[in-house]
Amino acid sequence: KQEVTQIPAALSVPEGENLVLNCSFTDSAIYNLQWFRQDPGKGLTSLLLIQSSQREQTSGRLNASLDKSSGRSTLYIAASQPGDSATYLCAVPPRGDAGGTSYGKLTFGQGTILTVHP
Amino acid sequence: DAGITQSPRYKITETGRQVTLMCHQTWSHSYMFWYRQDLGHGLRLIYYSAAADITDKGEVPDGYVVSRSKTENFPLTLESATRSQTSVYFCASGGQGLFTDTQYFGPGTRLTVL
């Protein structure tokens, strides 16, 4: 069974800092990994999706990397802002299933609660 | 309005009552999902549907029933609510792309079972 762990569980930083959120998974036979953001009382919003053939994906100040062999992904946030304060979750699908029968059965990490102080 | 909506947003019910949570999406996505989010357990998949009239169990399906007669709707029913089903429920939808499509989440329904 796939297990996803996120470290740290919570992070508090001053505005302007660059920071790294970590995600590890036990079964490396995945075909993608996603990072989501969740604001308090809201649903999840997709930030980045990295396919297994990719090593990085970038969107604005966000950069996500994927190392399947070591079972790790990192989300790098550059020049953090108070508006970045949220919970960040990573998620992976079941091992190697590209046939569609298990599509979407994502396993989520517990999330990292990020607070950026002005 | 385009997107994915859930109703009600908040619900308080009593143990043993039947409760139905509604989910509606306007993108014509094939896939729809129901998750619950609890402290200490994170986000867990309850049921999912690959298309109208096709549903399958997720990680925690016991005590829940789903149906999908129309592509755009995916209601979740708690047939006899229990206190352990107090949670925040999220509906999500996604397209056909196995490698590139993400899931789009609704705003959630906060359910309290007394």
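Preceding block: the structure.
Residues numbered from 1 in each chain as written. Chains lettered and ligands numbered in written order. Predicted model: local features only at pLDDT ≥ 70, side-chain atom pairs only at ≥ 80, totals over all residues. Heavy atoms only, no water.

Trainee: Help me understand the overall build of chain B in this model?
Mentor: Within chain B one finds zero helices and eleven strands. Order of helices (α) and strands (β) in chain B, N terminus to C terminus: β-β-β-β-β-β-β-β-β-β-β. The globule rule puts the C-alpha radius of gyration for 114 residues at 13 Å, and the 13 Å found for chain B is close to it. Put simply, of all contacts in chain B between residues at least 6 apart along the chain, 55% involve residues at least 24 apart. As displayed, chain B has an accessible area near 5500 Å², and 49% of this comes from carbon and sulfur atoms. In chain B, the 10 positive side-chain charges and the 10 negative ones have mean positions that sit 8 Å from each other. (Helix = DSSP H or I, 4+ residues; strand = E, 2+ residues; numbered from the N terminus. Rg over C-alpha atoms; globule rule 2.2 N^0.38 Å. Contact = heavy atoms within 4.5 Å. Areas by Shrake-Rupley, 256 points an atom, 1.4 Å probe, with all protein chains shown as cover. Lys, Arg positive; Asp, Glu negative; His and termini not counted. Charge placed at Lys NZ, Arg CZ, Asp CG, Glu CD.)

Trainee: What is the right way to look at the sheet that holds strand S1 (residues 4–7) of chain A in this model?
Mentor: What holds strands together in a sheet is hydrogen bonding between their backbones, with the strands either parallel or antiparallel. Residue and element names in this part refer to chain A. Within the open sheet, the five strands sit side by side as S1-S3-S8-S7-S6. Their pairing is antiparallel. Each edge of the sheet is formed by a strand with only one pairing partner; in this case those strands are S1 and strand S6 (56–59). Averaged over all adjacent pairs, the angle separating strand axes in this sheet is 15 degrees, with direction ignored. As judged from the four bridges shared by S1 and strand S3 (residues 19–25), these two strands associate in the antiparallel manner. Residue pairing across strands places Gln 6 opposite Cys 23, the latter belonging to S3. (Pairing = 2+ DSSP bridges. Axes fitted to C-alpha atoms, helices over the stretch in contact; angles between N-to-C directions.)

Trainee: Teacher, can you tell me more about the state of the cysteines here?
Mentor: In a disulfide, the sulfur atoms of two cysteines are covalently bonded to one another. The tally for this structure, following the rule as stated, stands at two disulfides over all chains. Disulfide pairing places Cys 23 of chain A opposite Cys 90 of chain A at an S-S distance of 2.0 Å. Disulfide Cys 23 of chain A-Cys 90 of chain A: torsion about the S-S bond near 80 degrees, hence right-handed. In this pair, Cys 23 of chain A sits in strand S3 while Cys 90 of chain A sits in strand S9 (residues 86–92), placing the two residues 67 residues apart along the sequence. A single burial state applies to Cys 23 of chain A and to Cys 90 of chain A, both of which are buried. Residue pairing for Cys 23 of chain B: its cysteine sulfur links by disulfide to Cys 91 of chain B, the two sulfurs lying 1.8 Å apart. (Disulfide = S-S within 2.5 Å. Buried < 20%, exposed > 50% of the residue type's maximum accessible area, 1.4 Å probe, protein only.)

Trainee: Where do I start with the nonpolar core in this structure?
Mentor: Soluble globular proteins: nonpolar side chains tend toward being buried together. Residues Phe 25, Leu 33, Trp 35, Leu 75, Ile 77, Tyr 88 and Leu 114 of chain A are the most contacted members of the largest nonpolar core, which totals 22 residues. Of all the secondary-structure elements, those providing two or more residues to this core are S3, strand S4 (32–38), strand S5 (44–51), strand S7 (62–67), strand S8 (72–77), S9 and strand S11 (112–117) of chain A. Contact partners of Ile 77 of chain A, with chain neighbours within four places excluded, come to Glu 17, Asn 18, Leu 19, Arg 61, Leu 62, Asp 84, Tyr 88 and Leu 114 of chain A. In this structure, Met 32, Ile 46, Val 60 and Leu 76 of chain B belong to the second largest nonpolar core, which totals 19 residues. (Core = buried A, V, L, I, M, F, W, Y, C linked by side-chain atoms within 4.5 Å.)

Trainee: What's the story with the environment of Leu 89 of chain A in this structure? I'm lost.
Mentor: All names here are of chain A. Positionally, Leu 89 belongs in strand S9. Separated by 23 residues in sequence, Leu 89 and Thr 112 place their C-alpha atoms 6.6 Å apart. If near-sequence neighbours (up to four positions away) are discounted, Leu 89 is found in contact with Gln 6, Gln 34, Trp 35, Phe 36, Gln 38, Leu 44, Phe 108, Gly 109, Gln 110 and Gly 111.

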